[in-house]
Amino acid sequence: MIYPALADRIRKNKPVALLTVIDGPNLGATLLTSPGVENIGTLGDQELDRVSSRDALGELEAGRTSVRNYGPSGQVTPEDLQDTPVVRVFVESFSPPPQMIIFGAVDFTAALARVAKVLGYYVVVCDAREVFATHRRFPMADEVLVTWPTPVLTERGPDLGARDAICILTHDPKFDVPAIQGALATSVGYIGVMGSRKTHATRLERLAEVGITKSQDLARLMSPIGLDIGSRTPEETAISICAEIIGKRVGRSVPSLANSDGPIHK
Amino acid sequence: MREILGDIDRWRAQHKRIAVARVVDIEGSGPRDPGAAMAVNEDGEVCGSVSGGCVEGAVVAEALEILKNNSPGQLVKFGYSDDEAFAVGLTCGGVVHLFIQPLSW
């Protein structure tokens, strides 16, 4: 049975691709593939299974969902495909959800975690103060960690990529400087840092003291965090942060506070 | 698919027959990307969506037909509603290709 295995892997956030014949011989046949485990099901031909599942693992790695054409035995070259029926295979990739790591267990954190969950993020909240970093305060978060930024980013940083986000909501230098240092060492797609323009200016001085001065590093920091839409409440601010993340991910020019001047609140 | 697993599990536990419709391709503007999915059970109950609400009604009818005929699955295309080729359509001007099949796997 394919469906129970598919549902189980999706729920456990394990990468999995579902292949379905949507045109040609064996219409409706399905095959499930994941890295490092045996395939389940068949598209009706051993060689087609081998070639298409190999392609699907590549698609899965890239997070792509698409339709691919094969010959009935997995032929792929145009010459081989002449005079044979074409099997169209829908390759559907289920990648683990993107991650958002939020440093600082403050009021804004709960709102941001809620909005991030709506958008499908796996949300981690981290703060060194155990009275604040509790599951009871952040029931929507997937994990609440009582620790400092450096160990978290040393351990998880290598897994972060373009789809992931780090949001630093503490205004406390002893917390946000190591968080920024750790974040800049990753390939994470978004680094947002909360604080007024004045806070950001003094933060830049402290970052310079620890040797973070390169303009390409500083340009990665979205601070003040979020879009210039006049947000006031934690919820509105959360929306403005998530909208900025979406805009940056797809490369749109959006009115980021980090790229403007003037008051954040009017 | 992720968001409809709960409903599908419930229907499976009730031994309902289920059809799944998935967006496999879009041309031009389309409200949902490939992979968007909805499911329909034999009683006509629905979960999930494959467009902005434009074609779901027609998809339910197709899905019930597929369950009734024991069809292995079918590609269905919906396009712009003013085009006479498409009875039910999208107002956005795009074309959406769906694959609808019984959840027999």
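The structure contained in this document is the topic of the report that follows. On a predicted model such as this, the values are computed, not experimentally measured, just so you know.

Things to note about the overall build of chain B
Right, so step 1: What chain B contains, in helices and strands, is two helices and five strands.
Right, so step 2: The proportion of buried residues among the 105 residues of chain B is 40%.
Right, so step 3: By sequence separation, contacts in chain B at least 24 residues apart represent 53% of the contacts at least 6 residues apart.

Some details on the environment of Ala243(A)
Right, so step 1: Within the secondary structure, Ala243(A) is located in helix H9 (residues 234-249).
Right, so step 2: Overall, the presence of 18 C-beta atoms within 10 Å leaves Ala243(A) in the partly exposed class.

A short note on the sheet that holds strand E4 (residues 74-78) of chain B
Residues and elements named next belong to chain B.
Right, so step 1: Strand order in the open sheet formed by five strands is E3-E2-E1-E5-E4, and the pairing between neighbours is antiparallel. Each of the sheet's edge strands pairs with one partner strand only, and the pair in question is strand E3 (46-48) and E4. Between one strand axis and the next, the sheet turns by 25° as a mean value, whatever way the strands run.
Right, so step 2: Packing against the sheet, helix H1 (residues 5-13) makes contact with strand E1 (18-27), strand E2 (37-41) and E3, and its axis sits at approximately 20° to E2.
Right, so step 3: Sheet contacts for helix H2 (residues 56-69): E1, E2, E3, E4 and strand E5 (95-102); angle to E5, the most-contacted strand, approximately 30°.

Concerning unusual backbone geometry
Right, so step 1: Each neighbour pair has its own omega, and for Ser223(A) with Pro224(A) the value is -5°, a cis peptide bond.
Right, so step 2: Following the sequence through the fold, Pro224(A) ends up in the loop between strand E11 (221-222) and H9.
Right, so step 3: Phi is positive for Asp83(A), which is not a glycine, with a value near 60°.
Right, so step 4: If you trace the backbone, Asp83(A) turns up in the loop between helix H3 (78-81) and strand E5 (87-94).
Right, so step 5: The class for Asp83(A) is exposed, based on 7 C-beta atoms found within 10 Å.
Right, so step 6: In the Ramachandran plot, Asn70(B) falls in the positive-phi region, its phi being about 55° despite a non-glycine side chain.
Right, so step 7: The topology assignment puts Asn70(B) in the loop between H2 and E4.
Right, so step 8: The exposure class of Asn70(B) is exposed, given the 9 C-beta atoms found within 10 Å.

Focus: the sheet that holds strand E3 (residues 40-41) of chain A
Strands belonging to one sheet form pairs held by backbone hydrogen bonds; the direction of such a pair is parallel or antiparallel.
Residues and elements named next belong to chain A.
Right, so step 1: The strand order across the open sheet built from five strands is E3-E2-E1-E5-E4, with neighbouring strands paired in antiparallel fashion. Two strands bound the open sheet, and with one partner strand each, they are E3 and strand E4 (66-70).
Right, so step 2: Bridge analysis of strand E1 (residues 16-23) against E5 gives seven bridges, and the strand direction is antiparallel. Note on E5: the bridge partner recorded for threonine 20 is phenylalanine 90.
Right, so step 3: Taken strand by strand, helix H2 (residues 46-62) contacts E1, strand E2 (30-33), E4 and E5, and its axis lies near 125° from that of E1.

Description of the interface of chain B and chain A
Right, so step 1: In this complex, chain B contributes 16 residues to the contact, which on the side of chain A involves 17 residues.
Right, so step 2: For the side of chain B that touches chain A, the secondary structure elements donating two or more residues are H1, E1 and E5 of chain B.
Right, so step 3: When residues of the side of chain B that touches chain A are assigned to their parent elements, the largest contribution, three residues, is made by E1(B).
Right, so step 4: Class assignment of the residues belonging to the side of chain B that touches chain A gives a composition of nine nonpolar, three polar and four charged.

Section: the pairing of E5(A)
All names here are of chain A.
Right, so step 1: For E5, a buried count of seven out of eight residues is recorded, marking the element as mostly surrounded by other parts of the structure.
Right, so step 2: Sheet analysis places E4 next to E5, joined by five bridges and oriented antiparallel. Bridge pairing links valine 67 to phenylalanine 90 in E5.

Description of the packing of helix H5 (residues 149-156) of chain A against helix H6 (residues 173-184) of chain A
Residues and elements named next belong to chain A.
Right, so step 1: Relative to each other, H5 and H6 sit at 15°, their axes nearing to 8 Å. By the criterion of interaxial angle, the relationship of H5 to H6 is roughly parallel. Crossing geometry of H5 relative to H6 is assigned as right-handed. Counted together, Pro149, Thr150 and Leu153 of H5 and Phe175, Pro178, Ala179, Gly182 and Ala183 of H6 form the full contact between these two elements.

Here we look at the pairing of E5(B)
Residue and element names in this part refer to chain B.
Right, so step 1: With seven of eight residues buried, E5 is to be regarded as a mostly interior element.
Right, so step 2: Of the strand pairs in this sheet, E4 and E5 are connected by five bridges, and their pairing is antiparallel. Counterpart to phenylalanine 78 in the pairing with E5 is valine 96.

Considering H6(A)
Right, so step 1: With twelve residues, H6(A) extends 16 Å between its outermost C-alpha atoms, agreeing within 8% with the 16 Å of an ideal straight helix rising 1.5 Å per residue.
Right, so step 2: Within the sequence span of H6(A), burial applies to Phe175(A), Asp176(A), Ala179(A), Ile180(A), Gly182(A), Ala183(A) and Leu184(A).

Thresholds, definitions, all that
- Residues numbered from 1 in each chain as written.
- Chains lettered and ligands numbered in written order.
- Predicted model: local features only at pLDDT ≥ 70, side-chain atom pairs only at ≥ 80, totals over all residues.
- Helix = DSSP H or I, 4+ residues; strand = E, 2+ residues; numbered from the N terminus.
- Buried ≥ 20, exposed ≤ 12 C-beta atoms within 10 Å, placed from the backbone.
- Contact = placed C-beta atoms within 7 Å.
- Pairing = 2+ DSSP bridges.
- Axes fitted to C-alpha atoms, helices over the stretch in contact; angles between N-to-C directions.
- Nonpolar A, V, L, I, M, F, W, Y, C, P; charged D, E, K, R; others polar.
- Parallel < 35°, antiparallel > 145°, perpendicular 65-115°, else oblique.
- Left-handed = near helix turned anticlockwise from the far one by under 90°.
- Expected span 1.5 Å × (residues − 1).

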